[in-house]
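In case you want the letters, here they are:
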Amino acid sequence: MALSLEGVTKSFGGTVALAAVDVEVHDREFFSIVGPSGCGKSTLLRLVAGLERPDSGTVHIDGTDVTLWEPVERGIGMVFQNYALFPHLTAADNIGFGLKGRVGKDELRRRVAEVAELLELDKDMLARRPRQLSGGQRQRVALGRALVKRPRVLLMDEPLSGADALMRERMRAELRRFHDRAGTTTLYVTHDQREAMSMSDRIMVMDHGALHQVGRPIEVYRHPRTAFVARFIGAPGMNVWPMALTPGAGGQVPLSQDGEPWPLDVPAGHLADEVLVGVRPEHVRLAMHDELDVRLHCRLGSVEPQGEQALVHARYGQYPIVATVPADEAEDLSPALDLWLSVQDLHLFSSADGSLVAGRRSLRQSALSPLQ
């Protein structure tokens, strides 16, 4: 079932939780809402579920306005952060609890068995109580309790937040596989951008109640529309720092921390006297590759080994910058460190509102001489 929100706003005591959010989730799509704590993602989920009512705007499921419908009328299944399983009931009874009294006993057993097969819960697991199950098994029981109702839309509110790192990694793959087998439209909330990137057909990035960007994970990563998205998406996120602008032959030109002009034209129409420059850590290098590369005079902070790669933490003036480089290249670096960038790998954002001015591969070299 397709799901859409049109102009949805919500405030609590004068604090804006959602600010005129418009978004559409496609039928059978795995759609993740990602952002920091307090950004409004769980509020949005509760509005879809009918647990909250918007101050304005509408919620539609499969083209029908359900804004004023009660939760039970919406055909929603929901998996909570803490699983909320009944400790005195078996896994099978937990899965079927919501159907008791609504369907016959034979139909109840059939539906529980159907979901158990989907989630790979065998008879032994179904007979156990929650305390006798592993964290991953309890997660599957909680998911089964939502799926047994055959929901039109499945809502998941940070269901992996209580799991350890290895469990989260394993359950990400399992949840995506279960989604594909069940064929249910899934709306998934998480603050973990790695989780969202690895599982989702599309992601929606939020901050302070505002929608910043919606798109396929790789699109959002490669082409962030705001400085916030650039910093938040990625591990580590994009390096972003302000640079002053000076008049140049083709318009405006950024100045380095040393006051030298970069060989880069800022697109016409940018009237501010400062711009935010962004570059992904994997595009920061320890050596010059091209005569038009620009150099950053930095001070080495630390080196963080990551197996075959290492994160080099440095400071460019007062601003931190991270480079992802091969581990063997990160050995024996000097305290005074030069880092190199290609102009074609840079993003420019407005210093006023963080919106994108020019993206990667769209910037023009200026007529200035290369900086070396």
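Since we're looking at a predicted model, the values are computed, not measured.

The strands that make up a sheet pair up through hydrogen bonds in the backbone, lying either parallel or antiparallel. Here we have 4 strands laid out as an open sheet, ordered E2-E1-E4-E5, and antiparallel in their pairing. With one partner strand each, in any of the chains shown, strand E2 (15–25) and strand E5 (64–65) form the two edges of the open sheet. Along the sheet, helix H1 (residues 41–49) makes contact with strand E1 (3–12), E2 and strand E4 (56–61), crossing E1 at roughly 120°.

A regular strand places its side chains on the two faces of the sheet in alternate fashion. Here 7 bridges tie strand E15 (residues 294–306) to strand E16 (residues 309–316), and the two strands are oriented antiparallel to one another. Considered in E16, the bridge of Leu300 is made with Ala314. The turn joining E15 and E16, which pair antiparallel and follow one another in sequence, is formed by 2 residues; a positive phi near 85° is taken by Gly307. Pairing of E16 with strand E17 (residues 319–326), which is carried by 8 bridges, proceeds in the antiparallel orientation. Within E17, the position partnered with Gln309 by the bridge is Pro326. In this structure, the hairpin formed by E16 and E17 is closed by a connection of 2 residues, where Gly317 is found at a positive phi of approximately 65°.

Relative to the assigned elements, Leu121 resides in the loop between helix H3 (105–118) and helix H4 (123–126). Look at Leu121 and you get buried, because its relative accessible area is 7%. For the pair Leu121 and Val141, spaced 20 residues apart in sequence, the C-alpha separation works out to 8.2 Å. The contacts of Leu121, once residues within four sequence positions are left out, are Ile95, Ala116, Leu126, Gln137, Arg140 and Val141.

Okay, the nonpolar core next. In this structure, Ile95, Leu119, Leu121, Leu143 and Leu175 are the most contacted members of the largest nonpolar core, which totals 32 residues. Those elements giving two or more residues to this core turn out to be helix H2 (91–96), H3, H4, helix H5 (135–147), strand E7 (153–157) and helix H6 (165–182). Sequence-distant contacts of Ile95, defined by excluding residues within four places in its chain, comprise Val112, Val115, Leu121, Leu126, Val141, Gly144, Arg145 and Val148. Of all hydrophobic cores here, the second largest spans 29 residues; its members include Val294, Ala314, Tyr316 and Ala323.

Definitions and limits used
- Residues numbered from 1 in each chain as written.
- Predicted model: local features only at pLDDT ≥ 70, side-chain atom pairs only at ≥ 80, totals over all residues.
- Heavy atoms only, no water.
- Pairing = 2+ DSSP bridges.
- Helix = DSSP H or I, 4+ residues; strand = E, 2+ residues; numbered from the N terminus.
- Contact = heavy atoms within 4.5 Å.
- Axes fitted to C-alpha atoms, helices over the stretch in contact; angles between N-to-C directions.
- Buried < 20%, exposed > 50% of the residue type's maximum accessible area, 1.4 Å probe, protein only.
- Core = buried A, V, L, I, M, F, W, Y, C linked by side-chain atoms within 4.5 Å.

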